[in-house]
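# Structure assessment
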Amino acid sequence: MNAITKRPESLLDVTMHYCPGCGHSVAHRLIAETMDELKIRERTVVVAPVGCAVFADKYFNCDSIQGPHGRGPAIATGIKRAKPDSIVFSYQGDGDLASIGMAEIVHAAARGENITVIFINNAIYGMTGGQMAPTTLVGQTATTAPKGRNPLLQGFPMNISEMLSKLESPRYIERVSVDSAPNVIKAKKAIKKAFENQVNKIGFSFVEVLSICPTNWGVTPLKGLDFLREKMMPQYPLGVFKDEKESVAQKIQEGK
Amino acid sequence: MYQGVRISGFGGQGVVSAGVLLAQAGLVDGKAVSWYPSYGPEMRGGTANCSVVMTDTEVATPVVAMPDTAIIMNEPSLPKFEPLVKKGGLLIINTSLVKTKATRTDIKVIYVPCNEIAEKVGSLKAANLVALGTFAGATGAVSIDAIANAMKKVFKRAKPEILELNRKALEEGAKLK
Amino acid sequence: MAEKVLMKGNEALAEGAIRAGCRFFAGYPITPQNEVPEYMSWRQEEVGGAFVQAESEVAAVNMLYGAAATGVRSMTSSSSPGVSLKQEGITYLAGSDLPCLIVNVMRGGPGLGSIAGGQADYTQATRGGGNGDYRTIVLAPFSVEELGNFPKKAFELSEKYRIPAMILADGILGQMMEGMSYNFEPVDPAALCVKPWAIGPNTTGRKRNQVYSYGLAEGELEAMVLKRAERYALVERDEVIYEERNTEDADVLIVAYGISARASIAAMEIARAKGIKVGMIRPITLWPFPAKRIAELASKVKAVLCVEMSLGQMKVDVDLAVNGKTPTYLHAKSGAFFPVAEEIAVAIESALNGKKEQLFNLADLAEKATNERAEAKNAPCKEGALL
């Protein structure tokens, strides 16, 4: 019998702590497959966040560093500048990246750091227990917005991919989803490209992954997928927001 | 030998760089030196000043609270530093900009029209060097040669004719005692 | 010794760090330490190192966290309000056992305070500063020469014990110029040993390295903290550095560090000229603190005088060392622009003769405040009242 798939070498054979239906484990697998395919495991460093993915350092079979809430892009900057041969990715959730770490992600993107950032957007704080995130939808309930997000009090959700795509330096920004097999395949392509760009020294690459949080949304995984498609996708349309083929250095050299 | 100096004037009069020059000259002469610029609101627009210490042993505090010599380059600096000069110390006053006379009788006062002398030498910018020349001449704490040598280290990009002009300003200043 | 070069404290420090093999610097502008990042911006490029002007102090210290984890000698610098912001990263660095150098060119505080020199971050520096049970090794230079030579010492101690090191300077030392000569040959970073714990490209087939400060399983964090405490104990036992002056015959012992020690030296000259036997111990490591030596010296004098630009933060450590066996006094210049030798000289006499002039005394302050409150008739809503 031929095995047609196997656990990626870059993903350790340990039990993950993620809830049933959670998108983190899928995103982890896609990253690990990419590390295998690009043969970069031996020089990759994962910057684990604060949030549900805090233990990402226990799951990826590569060097790791676990940092303070929101500071992943700054830590990744430090590693990459000190060791330019390393492949560094910051893995962050929406509270981490879009709230407390807004300055770090915007400036790492503005500097055009040659790093990869994987941004898991599930519109809620997971680990701390379902509080409102910057990406929580209008009307969506949270433990700190029991009547639902009210734009008059809490403003409107933040579209991070769109925001970052307005900057000059980022090379690649795409929003994907892991709600269905076709979308998972697209997500894989995006993640792979975001790492290839780093290997090829193209520059800052960012993939936003729409994901579900059945536990904190208070729904079954299947209902969660419906919510993602019906409510999240209209607010957070999938697609490529920026895709530059050349690095900033190449562009400047060519006088473009 | 110990000399604690306070140089004070408007920002732009070169009081801070005159202090650096003095410290560098002391170092050239083999002395222990320190230089410390003033801080605070007076950094913007108002009075700038710095402390310079030169000694044969080691510099204790770099902040000269009671100077042996105060070089007063503008009017507001006089009431600020005249009272602080040590008894028997020296006050050098730039009469081009300071019209008030010193009131203390227990210190030596030298009145120097720094701006006029500098203009005569060739550049108003050398007014601070005229004052340094007076200091060197009156105290003997540092030689004109040492200051001239220090200029080559501090003003690295200065042209030879400027260095020559500066030296002239020092020498003219040293004539006043 | 090499010919001395006139250098600003901040620049001597930056060059000293480069010579010590520092190849990563991240910082953010703040007075009075701006010459450090300015110098690093071109000098790191010259030596093939990295310089990043971060978007904030918080980002800068986290860049340091990432860079230090790669084993490259890395540093950040800032001044008091900025160092407060850096505490987040410092506690992670400590919790992850990463060597690195953090520089605080202190200014007046609290809050925005002043941009002049200060020493009021003593407690923050010597007790850890951020959350959790940790220490940083703290070196307190008192001259431009020490500012330039201490980065190497700091990196070496930091790597030996895997404890973040801090150089605690102040705005006066940072801004002043003095003759500078380095007492060591430039370090070639390539010649330093490869850190077995460092993250980054794995070229030796080692097992993967993980840098983290958490221990969520029962007993895990406690084991980490206790293991670290063993190294703290070694540091306290073996790495205390101090300097003594005129202590042989002293009746009054001054304890002062940094710029306060400089002013105290001048004050000693004034007092000695009057026939007062005064000596000084200058802690060079603030943690580990030279408690043992201070206790020995205190037992031989009539009074101990602490001189600091803070309201007795260092005196807490001195009191712990002296343990009530000798009277201790404080000359405090918190919020002042600089300590004044002539005032310290008065304080020396006061300490010896039981007088109050130039000594900071909480009991007197309480009495003053009580009287002010009585005058204000306890009217907290009265305009201008601060009750």
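What follows covers the overall build of chain A. Counting secondary structure elements, chain A contains 11 helices and seven strands. Relative to a compact globule of 256 residues, whose C-alpha radius of gyration would be 18 Å, chain A shows 17 Å and is just as compact. For the C-alpha atoms alone, the extent of chain A along its principal axes is close to 55 × 55 × 35 Å. Looking at chain A as a whole, 56% of its 256 residues are labelled buried. Within chain A, counting contacts between residues at least 6 apart in sequence, those at least 24 apart form 67% of the total.

Before going further, it helps to examine helix H6 (residues 160–174) of chain B. Residue and element names in this part refer to chain B. Taking 1.5 Å of rise per residue, 15 residues should cover 21 Å, and H6 covers 21 Å from first to last C-alpha, within 8% of that figure. If you check which residues of H6 are buried, you get Leu-163, Leu-165, Asn-166, Ala-169, Leu-170, Gly-173 and Ala-174. Where the residues of H6 are buried, they touch helix H3 (114–121), helix H4 (127–139) and helix H5 (144–154).

Following the criterion strictly, the structure yields 14 aromatic pairs over all chains and no others. A ring pair is formed by Phe204(A) and Phe206(A), whose centres lie 6.4 Å apart and whose planes are at 20°; its orientation type is stacked. Using a relative accessible area of 0% as the deciding quantity, one classes Phe206(A) as buried. Members of the aromatic cluster, joined through ring pairs, are Phe55(A), Tyr212(C) and Tyr214(C). Sitting over the face of the ring of Tyr111(B), Lys101(B) holds its NZ or CZ atom 4.4 Å from the ring centroid.

Turning our eyes to something else, we now look at the sheet that holds strand S3 (residues 87–93) of chain A. Spatial strand order, S7(A)-S5(A)-S6(A)-S4(A)-S3(A)-S1(A)-S2(A)-S9(C): eight strands in an open sheet with mixed pairing. Of all strands in the sheet, those with a lone pairing partner are strand S7 (239–243) of chain A together with strand S9 (210–211) of chain C, marking the two edges. With respect to the sheet, helix H3 (residues 72–82) of chain A is in contact with strand S1 (44–48), strand S2 (63–66) and S3 of chain A, its orientation differing from that of S3(A) by roughly 175°. Across the sheet, helix H8 (residues 181–199) of chain A touches S3, strand S4 (116–121), strand S5 (172–177), strand S6 (205–210) and S7 of chain A, and the angle it forms with S5(A) is around 155°.

Turning next to the interface of chain B and chain C. Taken together, the 20 residues of chain B in the interface contact 29 residues of chain C. Taking both sides of the interface into account, the surface hidden between chain B and chain C amounts to around 1,900 Å²; carbon and sulfur atoms contribute 69%. At the junction of chain B with chain C, the criterion picks out two salt bridges. Note that Lys153(B) is salt-bridged to Glu3(C), the shortest N-O span being 3.6 Å. Taken together, the connections running from chain B to chain C amount to four residue pairs in polar contact (both at pLDDT 80 or more).

What follows is about helix H10 (residues 221–235) of chain A. Residue and element names in this part refer to chain A. The terminal C-alpha atoms of H10, which comprises 15 residues, lie 20 Å apart, in line with the 21 Å expected from a rise of 1.5 Å per residue. Of all the bends found along H10, the most pronounced is centred on Leu-228 and spans about 35°. For H10, the full list of buried residues reads Gly-224, Leu-225, Leu-228, Met-232 and Met-233. Tucked inside the fold, the buried residues of H10 contact S4, S5, H8, S6 and helix H9 (214–217).

Basis of the calculations
Residues numbered from 1 in each chain as written. Chains lettered and ligands numbered in written order. Predicted model: local features only at pLDDT ≥ 70, side-chain atom pairs only at ≥ 80, totals over all residues. Heavy atoms only, no water. Helix = DSSP H or I, 4+ residues; strand = E, 2+ residues; numbered from the N terminus. Rg over C-alpha atoms; globule rule 2.2 N^0.38 Å. Buried < 20%, exposed > 50% of the residue type's maximum accessible area, 1.4 Å probe, protein only. Contact = heavy atoms within 4.5 Å. Expected span 1.5 Å × (residues − 1). Phe/Tyr/Trp six-rings, centres within 6.5 Å; stacked < 30°, edge-to-face > 60°. Lys NZ or Arg CZ within 6 Å of the ring centre and 35° of its normal. Pairing = 2+ DSSP bridges. Axes fitted to C-alpha atoms, helices over the stretch in contact; angles between N-to-C directions. Buried area = accessible area lost by both parts, 1.4 Å probe. Salt bridge = Lys/Arg side-chain N within 4 Å of Asp/Glu carboxyl O. Polar contact = N/O pair within 3.5 Å; in protein donor to acceptor, adjacent residues only side chain to side chain. Bend = angle between axes of the 7 residues up to and from the residue.

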